[in-house]
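Structural description and commentary
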Amino acid sequence: MGTNDGLVPEGWTEQKRPLTWNKRFDFADYAQTRAFLDCLATVSEGSGYYPNLNFARTHAVVTIQFEGEEVDARLREFAGNADLCAQRLRN
């Protein structure tokens, strides 16, 4: 099921109770932000997980909430895929 190895992915912050990870992704303009959100939608459809999102013209905040106090490997992978979405837009 999950692991609780304490390794939060780089750039993500962890909150206890409830266990969540969040990260703010900044972009140059709305077009990049929209492309990031579209990429996340594809990741969500593939994984079956839909994070909490807050966004504005040049940024998006992704919050991943775990069930219980264990880090779920599937959601850790989702965080990595969110990072990949942002990285592709910046290259």
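Below: a short report on this structure. (Residues numbered from 1 in each chain as written. Predicted model: local features only at pLDDT ≥ 70, side-chain atom pairs only at ≥ 80, totals over all residues. Heavy atoms only, no water.)

1. Quick word on the packing of aromatic side chains
Considering all chains together, one arrives at 5 aromatic pairs under this definition. The interplanar angle of 75° and the centroid separation of 6.0 Å between the aromatic rings of Trp-12 and Phe-25 together place this pair among those described as edge-to-face. Of the two residues, Trp-12 sits in the loop between strand 1 (2–3) and strand 2 (13–15) while Phe-25 sits in strand 3 (residues 20–26), which places them 13 residues apart along the sequence. Note on accessibility: Trp-12 and Phe-25 belong to one class, buried. On the basis of an interplanar angle of 35° and a centroid distance of 4.7 Å, the ring pair of Phe-25 and Phe-36 is categorised as tilted. Residue Phe-25 is found in strand 3, and its partner Phe-36 is found in helix 1 (residues 30–47); the two are separated by 11 residues along the sequence. The exposure class assigned to Phe-25 is buried, which follows from its relative accessible area of 2%. Relative accessible area serves as the criterion here: at 0%, Phe-36 is assigned to the buried category. (Phe/Tyr/Trp six-rings, centres within 6.5 Å; stacked < 30°, edge-to-face > 60°. Helix = DSSP H or I, 4+ residues; strand = E, 2+ residues; numbered from the N terminus. Buried < 20%, exposed > 50% of the residue type's maximum accessible area, 1.4 Å probe, protein only.)

2. Quick word on the sheet that holds strand 4 (residues 52–56)
The antiparallel open sheet is built from 4 strands, whose spatial order is 2-3-5-4. Among the strands making up the open sheet, the edge pair consists of strand 2 and strand 4. Here the strands of the sheet are splayed against their neighbours by 20° on average, with no regard to which way each runs. Here strand 2 runs beside strand 3; their pairing, made up of 3 bridges, is antiparallel. Residue pairing in the sheet places Thr-13 in a bridge with Asn-22 of strand 3. Contacting strand 3, strand 4 and strand 5 (59–65), helix 1 crosses the sheet at an angle of about 25° to strand 5. Strand contacts of helix 2 (residues 73–90): strand 3 and strand 5, with the helix running at about 5° to strand 3, the strand carrying the most contacts. (Pairing = 2+ DSSP bridges. Axes fitted to C-alpha atoms, helices over the stretch in contact; angles between N-to-C directions. Contact = heavy atoms within 4.5 Å.)

Shape descriptors only; they carry no functional weight alone.
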